Amino acid sequence: MASFLDHLTEESKSYMEILSNSTRKPYNEVSVEEARQMSIINTRKFGGNIDYDGERHEIIIDQTYKTEPIPVWVYKPNNCPENATIFVYFHGGGWTVGCRETHDDSCKIISSDAGCIVLNVEYRLAPEHKYPACFDDAEVAVKWALANKPQLA
């Protein structure tokens, strides 16, 4: 019987082997904060170094759902057209573990290869913030992007 590993690239198989032979504990056996730190460490260890031909800066989006604003990294490639598409990116991590830092390289690649502006949103995470906090932040970020496109481009 074929294994799912049979369909992976050699690079992916190597990564899976490194993870299976590591001494790190699974996320369900550590605290949320430890899982978040492990995620950042793994990103630094395996993420590589992307040579991004563009600029990244931070903006802060104020919102009505909470007292703290939403931090966002904006990626604008040097090959960005005048009326560029804006891609609003919500990092992975099961609404609990990920952050802008763990998906920085992904956003750089999307921005560069697509020639678009990427907004990498640091939405509120569980369990500190209960549902639907992350979705409230996403809604605010998308509406802000629509209303402020001229300012971004």
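Just so it is clear, the model here is predicted, and its values are computed rather than measured.

Draft legend 1. The arrangement of a nonpolar patch on the surface in detail. There is a patch of nonpolar side chains on the surface, built from F4, L5, Y15 and M16 and spanning about 360 Å² of accessible area. One can find M16 in helix α1 (residues 10–21).

Draft legend 2. Structural view of the sheet that holds strand β1 (residues 54–61). Pairing in this open sheet of four strands is mixed, and the strands run β1-β2-β4-β3 from one edge to the other. The open sheet has two edge strands with one neighbour each: β1 and β3 (86–90). If you compare each strand with its neighbour and ignore which way they point, the axes differ by 25° on average. Bridging between β1 and strand β2 (residues 70–77) involves eight bridges; their strand directions are antiparallel.

Draft legend 3. Representation of the nonpolar core. Core analysis: the biggest nonpolar cluster contains 19 residues, and I61, V72, V74, I117, L119 and L152 have the highest contact counts within it. By residue number, the principal contributor to this core is helix α4 (residues 133–147), which donates five residues. Contacts of V74, omitting those with residues within four sequence positions, involve E55, R56, H57, I59, I117, V118, L119 and L152. Counting seven residues, the second-largest nonpolar core is a separate cluster that includes Y52, Y75, C107 and V118.

Draft legend 4. Spatial organisation of the pairing of strand β4 (residues 117–121). Burial analysis of β4 places five of its five residues in the buried class, the great majority of the element. Side chains I117, L119 and V121 of β4 all project onto a buried face; the interleaved residues V118 and N120 project onto the opposite face, where all are buried too. In terms of strand pairing, β2 meets β4 through four bridges, oriented antiparallel. Among the inter-strand pairings, V74 is bridged to a residue of β4, identified as L119. As paired strands, β3 and β4 are joined by five bridges and run parallel to one another. Residue pairing in the sheet places I86 in a bridge with I117 of β4. Chirality of the crossover, the property in question, places the unit of β3, helix α3 (residues 104–114) and β4 among those that are right-handed.

Draft legend 5. Structural detail: the pattern of salt bridges. Within this structure, the stated rule accounts for nine salt bridges. Here R100 and E58 are joined by a salt bridge, their closest N and O atoms 2.9 Å apart. Residue R100 is located in the loop between β3 and α3, and its partner E58 is located in strand β1; the two are separated by 42 residues in the primary sequence.

About the cut-offs
Residues numbered from 1 in each chain as written. Predicted model: local features only at pLDDT ≥ 70, side-chain atom pairs only at ≥ 80, totals over all residues. Heavy atoms only, no water. Patch = residues over 30% accessible without salt bridge, like charges linked within 9 Å, V, L, I, M, F, W, Y side chains within 5 Å. Areas by Shrake-Rupley, 256 points an atom, 1.4 Å probe, with all protein chains shown as cover. Salt bridge = Lys/Arg side-chain N within 4 Å of Asp/Glu carboxyl O. Helix = DSSP H or I, 4+ residues; strand = E, 2+ residues; numbered from the N terminus. Pairing = 2+ DSSP bridges. Axes fitted to C-alpha atoms, helices over the stretch in contact; angles between N-to-C directions. Core = buried A, V, L, I, M, F, W, Y, C linked by side-chain atoms within 4.5 Å. Buried < 20%, exposed > 50% of the residue type's maximum accessible area, 1.4 Å probe, protein only. Contact = heavy atoms within 4.5 Å. Right-handed = clockwise from strand over helix to strand, strands pointing away.

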